[in-house]
Amino acid sequence: MRFQAPQLGALGVTFTVMRASQFACLISVIGLCANFINEIATAEHSPPSELVGALTVAVTAIIYVIITYILYYDNMLSMLTTAGLDSLLLVASIVVASLIGKPLSMLNCAALPSSEWSSGLFSSAPSPIRPIITKTVSYISFVLLDQTTCYQIKAVWGLCITICLLFAFSTLACLGLWQRIRRETKNKDIEG
């Protein structure tokens, strides 16, 4: 038994590349956000809602990406429905990217204390900008901890923007594939 992806031309290859790229970006976002949440939970604080939201959307999206590619591979995927769901995930990704990036756009990570200076997540090392941390960590307080955290959260922001672009392109690819499959089905009906 030989496994072979559907032969749907350049749009089929585009769809496959989009799914593989989405998978890679989403795994990275999940890893970074889960690490942040773990550090915060280890310090016995509650994580900011922006990180929890990003993790929730990323986990939901990666499950969706895996399932839809398996269905695509087996020629069981409704491309019009997939285009609609991709556009919904595009909207969710835009919301996450805007929430994550809101305080980051003007932030200069190099101006923050280096990671060596602050030995832990909420260390008592002196910092002129270290805010007071409450039970629930505010997102801006977390971002301002040190350079490493700032650069990593900026990486999450960049990956979220990339995910937005990938879902926009996969929506367009799905619509193109839907048109192609519909046209081929119509031609087969006319010939038969």
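Residues numbered from 1 in each chain as written. Predicted model: local features only at pLDDT ≥ 70, side-chain atom pairs only at ≥ 80, totals over all residues. Heavy atoms only, no water.

A. Local environment of the UniProt feature "transmembrane region" (unreviewed entry) in the chain. As recorded in UniProt, the sites labelled "transmembrane region" (unreviewed entry) are residues 12-37, 52-72, 79-100 and 155-178. Within the segment residues 52-72, helix and strand shares are 100% and 0% respectively, and the terminal C-alpha atoms sit 30 Å apart. Regarding residues 79-100, the helix share stands at 100% and the strand share at 0%, and the terminal C-alpha atoms are separated by 30 Å. (UniProt positions renumbered as here; feature names shortened; annotations may be inferred. Helix = DSSP H or I, 4+ residues; strand = E, 2+ residues; numbered from the N terminus.)

B. Seen up close, the environment of Leu80. Secondary-structure assignment places Leu80 in helix α3 (residues 79-101). You can call Leu80 partly exposed: its relative accessible area is 42%. Among residues more than four places away in sequence, those in contact with Leu80 are Leu175 and Trp178. (Buried < 20%, exposed > 50% of the residue type's maximum accessible area, 1.4 Å probe, protein only. Contact = heavy atoms within 4.5 Å.)

C. A look at the confidence of the model for the chain. Scored by pLDDT, the chain has a mean of 87; 86% of the residues are at 70 or more. With pLDDT under 50 throughout, residues 124-132 is counted as low confidence; its partners more than four residues away or in other chains account for 15 contacts. (pLDDT = per-residue confidence, 0-100.)

D. Structural detail: the state of the cysteines. A full pass over the atoms with the stated rule returns one disulfide. Each disulfide pairs two cysteine sulfurs, and for Cys109 the partner residue is Cys150, the sulfurs being separated by 1.8 Å. As the torsion about the S-S bond is roughly -65°, the Cys109-Cys150 disulfide counts as left-handed. Residue Cys109 is found in the loop between α3 and α4 (139-143), and its partner Cys150 is found in helix α5 (residues 147-191); the two are separated by 41 residues along the sequence. Across the pair, Cys150 and Cys109 agree in class, each one buried. Here Cys25 is not cross-linked by a disulfide; its sulfur's nearest cysteine counterpart is in Cys160, at 9.3 Å. (Disulfide = S-S within 2.5 Å.)

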